[in-house]
Amino acid sequence: MTGEQRLKAFTEENYQKTLTKVNDHIYHFLGYGHSNAIAIIGDTSVILIDALDSPGYAADMMAELAGLTDKPVRTIIYTHGHPDHRGGAGIFRDTVEEVIAFAPEKPMLKYYDRLNDVLNQRGAFQFGYGLTDEEAISQGIGIREGKTVGKGGFDALAPTTLYREKEVERVIDGVRLKMVRATGETDDQILVWLEEDKVICTGDNYYGCWPNLYAIRGTQYRDIAAWVDALDVILSYEAEALLPGHTRPLLGKELVQEQIKTFRDAIEYVLLKTLECMNKGMTINETVRQVKLPEKYQEKEYLGEYYGTVEWSVKSIYCGYVGWFDGNASTLMPVSDNEYRRVLRELVGQEKLTERIQSCIAQEEYQVALQLLELIEGVKITDNEGKDLGKEWKKQALLGRAGQMTSANARHYLIASAKRLMAGEGYQPK
């Protein structure tokens with residue numbers, strides 16, 4: 001199958017709307033929104049762990065919840081601060097009395113807000129905002145966010161209780177639970193452990209495909225070693241049910257242990273193999289070519305690259321540990337991209353370049369075509385009717401490459417880039 005076909009099959013198999021009754025008072029909601037939610041029915045009320053991404057989706061879940069209990073939602077616990085886990089909370093504002101969250105273990109870099117424009121643009125490209133359902137398929141770890149399908153924008157409730165401790169034990173409306181800091185995908189990530197039920201709620205530190213160890217929308221370095229440690233903590237609880245913030249729940253102690261251990265080991269393998277290559281003096285590109293998942297991991301569907309990719313992970317680890325310089329002296333003070341392209345054009349010849357670009361597109365070597373197209377950036381090549389051939393070739397290469405991708409994020413970014421190319425720099429996905 002092509003990457004596009006594999007992503008469609010994965011989406012259809014994993015994101016059907018599913019209400020899982022874990023026991024007589026714990027329910028897991030999958031496919032009701034882009035993210036999942038967990039409802040715990042207490043003595044007189046419902047405790048909600050995460051609240052989906054949008055008010056429309058949350059309203060659908062609230063209607064489903066009303067069929068299970070007439071008790072109101074009075075407590076919401078956020079596993080972390082990502083909007084897709086908080087955006088539906090506003091639907092419950094008439095009944096909620098407490099909203100619980102943990103403060104980040106370390107603050108964002110100062111002045112990060114000065115990057116809002118570019119981060120928002122890159123985020124829109126990564127998540128596929130502005131793409132049709134056919135173009136986007138899914139968001140890799142769940143159905144499309146409500147804002148893309150008419151379910152409303154984010155409507156979060158601000159935390160009323162903000163913890164800074166490592167762990168907190170509470171009894172909320174007769175439900176005994178422990179909230180434990182578990183830095184991984186985010187610095188404010190927590191897990192929720194329900195000892196009496198042997199149930200663990202893990203937020204985004206586990207989901208059933210290759211995770212965003214790095215997000216192409218742009219983030220601070222995600223500490224992969226800390227993420228592995230968080231997975232060790234999850235394994236230490238020996239849960240009989242694991243309820244993630246995305247993808248299907250894991251039911252049964254053996255399945256939880258086997259799958260989380262494999263997920264953990266695969267991430268650690270990529271981390272340690274990357275560091276090993278770096279220590280040998282390999283450049284970032286050499287390291288990317290060297291670090292591949294062993295066959296025993298490649299066959300696991302829950303490690304498939306439907307969201308993040310191993311390549312992006314390797315690059316992030318490399319830069320996270322030693323920064324942008326990879327030890328190659330020729331990259332210390334390079335000439336400008338324009339100057340380098342000009343020299344290569346002179347060496348190769350524009351006619352040969354354009355012939356090879358067209359040949360690559362015809363043979364579906366779209367990535368090679370994209371990189372060769374960089375060499376004629378800024379050079380207008382037209383046909384007899386004045387049509388911009390360079391732009392047309394790049395659109396074909398971007399869309400062709402998108403069709404090869406299993407990663408929803410990569411697919412979205414490539415298609416959105418093609419749309420911007422044709423619409424101009426003013427293209428703004430909604």
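Our structure's up above, just so we're on the same page.
Residues numbered from 1 in each chain as written. Predicted model: local features only at pLDDT ≥ 70, side-chain atom pairs only at ≥ 80, totals over all residues. Heavy atoms only, no water.

Enquirer: Can you walk me through unusual backbone geometry in this structure?
Expert: As a rule of thumb, non-glycine residues mostly have phi less than zero, and peptide bonds are mostly trans rather than cis. One non-glycine residue, D50, lies in the positive phi region at around 70°. Assignment of secondary structure puts D50 in the loop between β4 (46–49) and α2 (55–66). A positive phi is found at D173, a non-glycine position, where the angle reads about 50°. Relative to the helices and strands, D173 resides in the loop between β8 (167–172) and β9 (175–181). (Helix = DSSP H or I, 4+ residues; strand = E, 2+ residues; numbered from the N terminus.)

Enquirer: So what exactly am I meant to see when it comes to the sheet that holds β8 here?
Expert: Sheet strands pair by backbone hydrogen bonding; their relative direction is either parallel or antiparallel. Judged by pairing direction, the sheet is mixed, and its 6 strands sit side by side in the order β8-β9-β10-β11-β12-β13 without closing on themselves. The sheet is open, and its two borders are formed by β8 and β13 (250–251), each paired with just one other strand. Direction of pairing for β8 relative to β9: antiparallel, over a ladder of 6 bridges. Along β9, the bridge assignment pairs V171 with R176. (Pairing = 2+ DSSP bridges.)

Enquirer: I'm lost on the pairing of strand β5 (residues 73–77) in this one. Help?
Expert: Look at any regular strand and the pattern is simple: side chains alternate between the two faces of the sheet. Summarising burial for β5: 4 of the 5 residues are buried, a large majority. Taken together, the 4 bridges between β4 and β5 define a ladder with parallel strand orientation. Paired with I47 across the bridge in β5 is T75. Between the parallel pair β4 and β5, the chain is carried across by α2, and the sense of this crossover is right-handed. (Buried < 20%, exposed > 50% of the residue type's maximum accessible area, 1.4 Å probe, protein only. Right-handed = clockwise from strand over helix to strand, strands pointing away.)

Enquirer: Sorry if this is basic, but what is going on with the pairing of strand β12 (residues 241–244) here?
Expert: Alternating residues of β12 divide into A241 and L243 and L242 and P244, and every residue in both groups is buried. Alignment of strand β11 (residues 199–203) against β12, held across 4 bridges, turns out to be parallel. In the strand pairing of β12, G203 is matched with P244. On the question of chirality, the crossover connecting β11 to the parallel β12 by way of helix α6 (residues 224–236) is right-handed. Sheet topology note: the β12/β13 ladder contains 2 bridges and is antiparallel. Counted as the bridge partner of A241 is L251 from β13. Here β12 folds back onto β13, and the loop between the two strands holds 5 residues, one of which, T247, carries a positive phi near 70°.

Enquirer: Whenever I open this one, the sheet that holds strand β3 (residues 37–41) confuses me. Can you help?
Expert: Taken together, 7 strands build an open sheet; the order of strands is β1-β2-β3-β4-β5-β6-β7 and the sheet is mixed. The open sheet terminates on both sides in strands that have one partner only, identified here as β1 (18–23) and β7 (161–163). On average, each strand axis in the sheet is tilted by 20° relative to the strand beside it, whichever way the strands run. One ladder, built from 5 bridges, connects β1 with strand β2 (residues 26–30); its direction is antiparallel. In the strand pairing of β2, T20 is matched with H28. Packed onto the sheet, α2 meets β1, β2, β3, β4 and β5 and runs at close to 145° relative to β2. (Axes fitted to C-alpha atoms, helices over the stretch in contact; angles between N-to-C directions. Contact = heavy atoms within 4.5 Å.)

Enquirer: Any chance you could explain the pattern of salt bridges here in plain terms?
Expert: Proximity of charged atoms lets side chains of opposite charge pair with each other. Evaluation of the coordinates by the stated rule reveals 27 salt bridges. Residue R74 pairs with E97 through a salt bridge whose shortest N-O separation is 3.5 Å. Pair noted here: R74 is in strand β5 and E97 is in the loop between α3 (83–86) and β6 (98–102), with a separation of 23 residues, a long-range link. Judged by its relative accessible area of 30%, R74 falls in the partly exposed class. The salt bridge partner of E374 is K394, with a shortest N-O separation of 3.6 Å. (Salt bridge = Lys/Arg side-chain N within 4 Å of Asp/Glu carboxyl O.)

Enquirer: Explanation requested: the side chain of K178 in the structure shown.
Expert: The topology assignment puts K178 in strand β9. Judged by relative accessible area, which is 17%, K178 ranks as buried. Those residues in contact with K178 that lie beyond four places of it in its chain are E167, V168, E169, L191, V192, W193 and Y237.

Enquirer: Teacher, can you tell me more about the packing of helix α14 (residues 389–404) against helix α15 (residues 408–423) here?
Expert: Geometry of a packed helix pair, given as the angle between the helix axes and the separation of the axes. Here α14 crosses α15 at 160°, and the two axes come no closer than 8 Å. With respect to each other, α14 and α15 are oriented roughly antiparallel. Helix-helix and strand crossings are classified by hand; for α14 and α15 the assignment is left-handed. Contacts from K391, E392, K394, K395, L398, L399, R401, A402 and G403 in α14 reach R411, L414, I415, S417, A418, L421 and M422 in α15. In terms of residue class, the contact of α14 with α15 is made up of 8 nonpolar, 2 polar and 6 charged. (Parallel < 35°, antiparallel > 145°, perpendicular 65-115°, else oblique. Left-handed = near helix turned anticlockwise from the far one by under 90°. Nonpolar A, V, L, I, M, F, W, Y, C, P; charged D, E, K, R; others polar.)

Enquirer: How should I be thinking about the packing of aromatic side chains in this particular structure?
Expert: Aromatic ring pairs: the centre-centre distance and the angle between the two ring planes describe each pair. On inspection of all chains with the given rule, the structure shows 11 aromatic pairs. Residues W193 and Y237 carry aromatic rings whose centres are separated by 5.0 Å and whose planes lie at 40° to one another, so their mutual orientation is tilted. A residue pair is termed long-range when its members are at least 10 positions apart, and W193 in strand β10 (residues 190–194) and Y237 in the loop between α6 and β12 qualify at 44 residues. Here W193 and Y237 have matching classes, each one buried. Among the aromatic residues, those joined into a cluster by ring pairs are F10, Y15 and Y306. One Lys or Arg, R114, reaches over the ring of Y111 and ends 4.9 Å from the middle of that ring. Directly above the ring of Y129 sits K147, whose terminal nitrogen or CZ lies 4.3 Å from the centroid. (Phe/Tyr/Trp six-rings, centres within 6.5 Å; stacked < 30°, edge-to-face > 60°. Lys NZ or Arg CZ within 6 Å of the ring centre and 35° of its normal.)

Purely geometric numbers; function is a separate question.
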